[in-house]
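Working through the structure, step by step
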Amino acid sequence: MKLSIVVPCYNSEHTIGKLVDLCMQEFNNKDGWELEMVLVNDFSRDGTFNTIRGICEKYPNVKGINLAKNFGQHGALMCAFQYVTGDVVCGIDDDLQSHPAQIHQLLDKLLEGDGYDVVFGKYRKRQFGWFKNLTGKISQWLLFRLTDRPKGVEMSAFWAARRYVIDEVRKYRGTDAFIQLLFARTTRRMADVEVDHYAREVGSSNYTFRKEMKLFMTFMSFSVIPLHLATWLGALFSVTGFVWAIVILVQKLMNQDLQIGWPSLMVVILITGGFLFLMLGIIGSYIGKIIMTENHSPLYVVRDELNTGGAQKRERQT
């Protein structure tokens, strides 16, 4: 059976070589497994692609891809999916916080019994800063409620999936990719296994708060719940306003001296106006995504390829 390991790379010139060596050590002597790796350089600011070039010269079963600009982790993964040839595909980050030795745990779970289609690594203890841990828990909680995804499965960037799932994900034509949600849209046969999460060996996380918010907001490409919420909140505001108008009318009839002040009126106007602008923003975001999709905005653009044979499909770069 052939395993394809895909790695989105960003500013990882000091870690990506060690990651590849560890993967090779794990599977070169593993009976029944043939290994290939696809490394996608997401327009790093350091010498990551030069390092990838050296890796590809050392290992002919490693494919190197260089993107023309920064498209983000999920765009880089969508690019990598176009180059995989394995029966099973595994995703792992380039920072060595997920150790390649634990890939076997994902594969064993994926192939046990009747098997699952996707298996995620569930970290026993996340080795991030307190702020990233907090925002991660909040986004997980919100995504459970705003998107159609299996309950009780903790998704992560460390996963293994059957090839047919990857082939289905490759058909996606939106402008904002969220790999884990694309998996959930494809299958319900998902599980997770507990794995260790290691401290980062070099540097710090490249995900800023702004980038994390941008990634989180991509859920709108996979859910219409915000539009439904706008409808229900609009109805609630209308009913509240109608009931409040009756209350004020009754109070005025019962007490002719009652003064209806401007402060209460301004509060109502500000709340209602803010709500309307919020809903317009949500609708505008959906319209913007439609326009970007219709304009065929690329998820990635490939600039250079190594060890690919030059005959791979690059569907989303044009």
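Everything that follows concerns the structure shown earlier in this document.
Below or above, wherever it landed, is the structure these notes cover. Keep in mind it's a predicted model, so treat the numbers as computed, not measured.

This part covers the side chain of E36. Along the polypeptide, E36 turns up in strand 2 (residues 34-41). Within the local environment of E36, its side chain forms a polar contact with the backbone nitrogen of T85, the two atoms lying 2.7 Å apart. Setting aside its immediate chain neighbours within four residues, E36 contacts K2, L3, S4, I5, N61, K63, Y83, V84, T85 and G86.

Turning our eyes to something else, we now look at the sheet that holds strand 5 (residues 118-123). Spatially, 8 strands are ordered 7-5-6-4-1-2-3-8 in an open sheet, and the strand pairing comes out mixed. This sheet does not close on itself; its edge strands, each paired only once, are strand 7 (190-195) and strand 8 (302-306). Recorded for the sheet is a direction-independent mean angle of 20 degrees between the axes of neighbouring strands. Here strand 4 (residues 88-91) pairs with strand 6 (residues 159-162) via 4 bridges, running antiparallel. By the bridge assignment for strand 6, V89 is matched with A161. Docked against the sheet, helix 2 (residues 48-58) engages strand 1 (2-9), strand 2, strand 3 (62-67) and strand 8, running at close to 160 degrees with respect to strand 3.

Moving on, we get to the pattern of salt bridges. Evaluated as defined, the whole model comprises 11 salt bridges. E112 is paired through a salt bridge with K109; the nearest N and O atoms lie 3.3 Å apart. The salt bridge involving R124 is made with D196; its shortest N-O contact spans 2.9 Å. Here R124 is found in the loop between strand 5 and helix 5 (130-146), whereas its partner D196 is found in the loop between strand 7 and helix 8 (209-217), with 72 residues between them in sequence. Because the salt bridges share partners, they merge into one network encompassing K2, E36 and K63.

Another point: the pairing of strand 6. Two elements, strand 5 and strand 6, share 3 bridges in a ladder whose sense is antiparallel. For V118, the partnering residue across the bridge sits in strand 6 and is A161.

A surface patch of nonpolar side chains, about 830 Å² in accessible area, is lined by V239, F242, V243, I246, L249, V250, L253 and M254. Relative to the helices and strands, V250 resides in helix 9 (residues 225-254).

Below, the discussion takes up helix 4 (residues 103-111). Within helix 4, the full set of buried residues consists of I103, H104, L106, L107 and L110. All buried residues of helix 4 project into a common sector of 160 degrees when viewed along the axis, lining one side. Buried positions along helix 4 lie against strand 1, helix 1 (16-27), strand 4, strand 5, strand 6 and strand 7.

This structure, assessed with the given rule, holds 4 aromatic pairs. Ring plane angle 75 degrees and centroid distance 6.0 Å describe the contact between F81 and W159, whose orientation is recorded as edge-to-face. Here F81, found in helix 3 (residues 73-81), pairs with W159, found in strand 6; they are 78 residues apart in sequence, far enough to count as distant. With relative accessibility at 1%, the residue W159 sits in the buried group. Relative to F183, the ring of W159 has its centre 5.0 Å away and its plane inclined at 75 degrees; by these criteria the two rings are edge-to-face. A residue pair is termed long-range when its members are at least 10 positions apart, and W159 in strand 6 and F183 in helix 7 (residues 179-186) qualify at 24 residues. As far as the burial class goes, W159 and F183 line up, both buried.

Scoring rules and cut-offs
Residues numbered from 1 in each chain as written. Predicted model: local features only at pLDDT ≥ 70, side-chain atom pairs only at ≥ 80, totals over all residues. Heavy atoms only, no water. Helix = DSSP H or I, 4+ residues; strand = E, 2+ residues; numbered from the N terminus. Polar contact = N/O pair within 3.5 Å; in protein donor to acceptor, adjacent residues only side chain to side chain. Contact = heavy atoms within 4.5 Å. Pairing = 2+ DSSP bridges. Axes fitted to C-alpha atoms, helices over the stretch in contact; angles between N-to-C directions. Salt bridge = Lys/Arg side-chain N within 4 Å of Asp/Glu carboxyl O. Patch = residues over 30% accessible without salt bridge, like charges linked within 9 Å, V, L, I, M, F, W, Y side chains within 5 Å. Areas by Shrake-Rupley, 256 points an atom, 1.4 Å probe, with all protein chains shown as cover. Buried < 20%, exposed > 50% of the residue type's maximum accessible area, 1.4 Å probe, protein only. Arc of directions from axis to C-beta. Phe/Tyr/Trp six-rings, centres within 6.5 Å; stacked < 30°, edge-to-face > 60°.

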